[in-house]
Amino acid sequence: MDLAYIPSPSTGVIDLGPIPLRGYAFCIIIGVFVAVWFGNKRWVARGGRAGTVADIAVWAVPFGLVGGRLYHVITDYQLYFSDGENWVDAFKIWQGGLGIWGAIALGAVGAWIGCRRRGIPLPAWADALAPGIAVAQACGRWGNWFNQELYGRATDVPWALKISEGPNRVAGTYHPTFLYESLWCIGVAVLVVWADRRFKLGHGRAFALYVASYCAGRAWIEYMRVDEAHHILGLRLNVWTALIVFVLAVVYIVISARVRPGREEIVEPDAVEAADAADAGGVEDAESGEAESGETKPGEAKPGDADTGDAKPGDAKANDAVASDDSGDAGVESDAQGSKTSGAAETAKG
């Protein structure tokens, strides 16, 4: 008898009148919103404009959903195109089946289109979004819990997942691989944020770190799963994919660090130009405000003082002093002229 286990929901669909609310789709939507929100905060902190991440996500998300579904259908084609199967089910994405490898690959194509239209570098945008993608995966994995799918080997550990009888599954308690991967993705997000702050990762290296660290966890989690999958040399196809992508990500980090060290100083040129224009406008407004107010600083003469001839207290004394100085100067000049005249007269007598 199992003393403790994680229960599975009796159904993955909640009907809100005529609208079915599917748990799998709900988890995916939550993940997308979290990724965009988190990515936007990181993008703004890097000097980009608020809203740019969402604008590019409009391109990346649809491409990613199509890519994820294509990868799943291609690698598990027997579920849809074998004898007795209905190929129309390949389009029923709400029943589960999104391959993260295809989602990232084709999603990157959509992101590249969006970045190109905005004139910003794709690697910088990917770096900002990397931990958010990991958190989105952590949310999305709970969709597998709603569908009672992608669990691991049978076990009696206290955190085992209880699966009910159903199509292509046997009732029992199994390793909750969906939970393992969800927690692993949270750890990946924390790692990327820490490494980015510590080492100032740039030029796509934060994204590559996310890819490498996710693959490391996906390899051992995938090894625990018991759902049907293709095998190559005794290993599941997704294990081989994780190993190959892990190596490619590490190689990219090493080469990129040597070829393009540091990080981008400007990630969105339009944001810098807008900030410069705002600063210039503020300076002009301040200068025009001072000119219009006509205020002067202490010690400065106000315009019109000399023209109006208005006298302030103490002005009479100043005028007397000026007059005295003028009369003294005149006396000195007359004495000098008198000396010159007498000198000339003496010279004539001699």
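Here goes a summary of the coordinates provided. Everything numeric here is computed off the predicted structure, so don't read it as measured data. (Residues numbered from 1 in each chain as written. Predicted model: local features only at pLDDT ≥ 70, side-chain atom pairs only at ≥ 80, totals over all residues. Heavy atoms only, no water.)

### Focus on the overall build of the chain
Condition: Starting at the N terminus, helices and strands are each numbered in turn, a helix being any DSSP run of H or I of at least four residues and a strand any DSSP run of E of at least two. Burial classes follow relative accessibility: with a 1.4 Å probe on protein chains only, a residue under 20% of its type's maximum area counts as buried, one over 50% as exposed, and anything between as partly exposed. Any pair of residues with heavy atoms lying within 4.5 Å of one another is described as a contacting pair. All accessible-area figures derive from a Shrake-Rupley calculation using a 1.4 Å probe, and residue coverage is judged against the displayed protein chains alone.
When helices and strands are tallied, the chain shows twelve helices and six strands. For the chain, the residues scored as buried account for 35% of the 350 residues in total. Sequence separation of at least 24 residues holds for 71% of the intrachain contacts in the chain that already meet a minimum separation of 6. Taken as a whole, the chain presents about 21,000 Å² of accessible surface, with 63% of it coming from carbon and sulfur.

### Topic: helix H2 (residues 52-75)
As a reminder of what qualifies: One less than the residue count of a helix, multiplied by 1.5 Å, gives the span that helix is expected to have. Values of bend correspond, residue by residue, to the angle between axes fitted over the seven residues ending at that residue and the seven starting there.
Counted at 1.5 Å a residue, the expected span for H2 with its 24 residues is 34 Å, and the 34 Å between its end C-alpha atoms agrees. At valine 58, H2 shows its largest kink, close to 35°, and the proline proline 62 lies no more than four residues downstream.

### A few points about the nonpolar core
What counts, and what does not: The nonpolar core is taken to be a set of buried Ala, Val, Leu, Ile, Met, Phe, Trp, Tyr and Cys residues, with the residues joined through side-chain atoms within 4.5 Å.
Among the nonpolar cores identified, the biggest contains 39 residues, and Trp43, Trp101, Trp125, Val192 and Tyr210 are the most heavily contacted of them. Mapped onto this core, the elements with two or more residues apiece are helix H1 (23-45), H2, helix H4 (100-118), helix H5 (122-140), helix H7 (177-199), helix H8 (205-224) and helix H9 (237-259). Broken down by element, the residue count for this core peaks at ten residues, all from H5. Leaving out residues up to four positions away in the same chain, tryptophan 101 has contacts with Tyr71, Tyr214, Cys215, Arg218, Asn238, Thr241, Ala242 and Val245.

### Observations regarding a nonpolar patch on the surface
Stated precisely, the cut-off is as follows: For patches, a residue must show more than 30% relative accessible area and have no salt bridge; joins then use 9 Å for like charges and 5 Å for nonpolar side chains, namely Val, Leu, Ile, Met, Phe, Trp and Tyr. Counted as salt bridges are all cases of a side-chain nitrogen of Lys or Arg within 4 Å of a carboxyl oxygen of Asp or Glu.
Taken together, Phe246, Val247, Val250, Val251, Val254, Ile255 and Val259 make up a surface patch of nonpolar side chains, about 560 Å² in accessible area. On the secondary structure map, valine 254 appears in helix H9. For valine 254, a relative accessible area of 39% gives the class partly exposed.

### Examining H5
Along H5, the helix axis deviates most sharply at leucine 129, where the bend reaches about 45°; the proline proline 131 sits within four residues downstream. Counted residue by residue, H5 has 17 buried out of 19 residues, so it is predominantly covered.

### Some words on the side chain of arginine 218
Assignment of secondary structure puts arginine 218 in helix H8. Judged by its relative accessible area of 5%, arginine 218 is buried. What arginine 218 contacts, discounting residues up to four positions off in sequence, is Ile100, Trp101, Arg141, Glu181, Arg225, Asn238 and Ala242.

### A closer look at the packing of H5 against H8
Stated formally: The angle between two axes is taken between their N-to-C directions and runs from 0 to 180 degrees, where each axis is a line fitted to C-alpha atoms and a helix contributes only its stretch in contact. Here roughly perpendicular refers to angles of 65 to 115 degrees, roughly parallel to angles under 35, roughly antiparallel to angles over 145, and oblique to all remaining angles. Each crossing is labelled by how the near helix is turned from the far one, with a counterclockwise turn of less than a right angle marking it left-handed and a clockwise turn marking it right-handed.
One can describe the packing of H5 onto H8 by two numbers: an axis separation of 7 Å at closest approach and a directional angle of 25°. Judged by the inter-axis angle, H5 sits roughly parallel to H8. In this structure, the crossing between H5 and H8 has a hand that is left-handed. Across the interface between the two elements, Ala126, Asp127, Ala130, Ile133, Ala134 and Gln137 of H5 pack against Arg205, Ala206, Phe207, Tyr210 and Tyr214 of H8.

### Points about the layout of surface pockets
To find the voids left in a structure, one rolls a probe of water-molecule size over its atoms. Filter applied, for reference: Cavity and pocket criteria rest on a 1 Å grid covering protein atoms alone: a 1.4 Å probe that fits but cannot get out defines a cavity, protein on both sides within 12 Å along at least 5 of 7 lines defines an open pocket, and an atom within 4 Å of a point defines a lining residue. Grid points are joined across faces, edges and corners, and a volume is the space filled by probe spheres set on the points. Note on residue categories: nonpolar means Ala, Val, Leu, Ile, Met, Phe, Trp, Tyr, Cys or Pro, charged means Asp, Glu, Lys or Arg, and polar means any other residue, Gly included.
Looking at the second largest pocket, its volume works out to about 230 Å³. Lining the second largest pocket are Phe38, Lys41, Arg42, Ala45, Arg46, Val193, Asp196, Arg197, Lys200 and Arg263. Where the lining of the second largest pocket is concerned, the elements lending two or more residues are H1 and H7. Examining the composition of the lining of the second largest pocket, we find that four residues originate from one element, H1, more than from any other. Residues belonging to the lining of the second largest pocket are distributed by class as follows: three nonpolar, no polar and seven charged.

### Some details on the packing of aromatic side chains
Rules: Each Phe, Tyr or Trp ring (for Trp, its six-membered ring) is paired with any other whose centre lies within 6.5 Å, and the angle between the two planes then decides the class: stacked below 30 degrees, edge-to-face above 60, tilted in between.
Counted according to the given criterion, the structure contains twelve aromatic pairs. Taking the centre distance of 4.7 Å and the plane angle of 40° together, the rings of tyrosine 151 and tyrosine 174 count as tilted. With tyrosine 151 in the loop between helix H6 (142-147) and strand E3 (161-163) and tyrosine 174 in strand E4 (residues 172-174), the pair connects residues that are 23 residues apart, well separated along the chain. Tyrosine 151 gets classed as buried once you look at its relative accessible area, which sits at 11%. An aromatic cluster is defined as three or more aromatic residues linked by ring pairs; in this entry it consists of Trp101, Phe207, Tyr210 and Tyr214.

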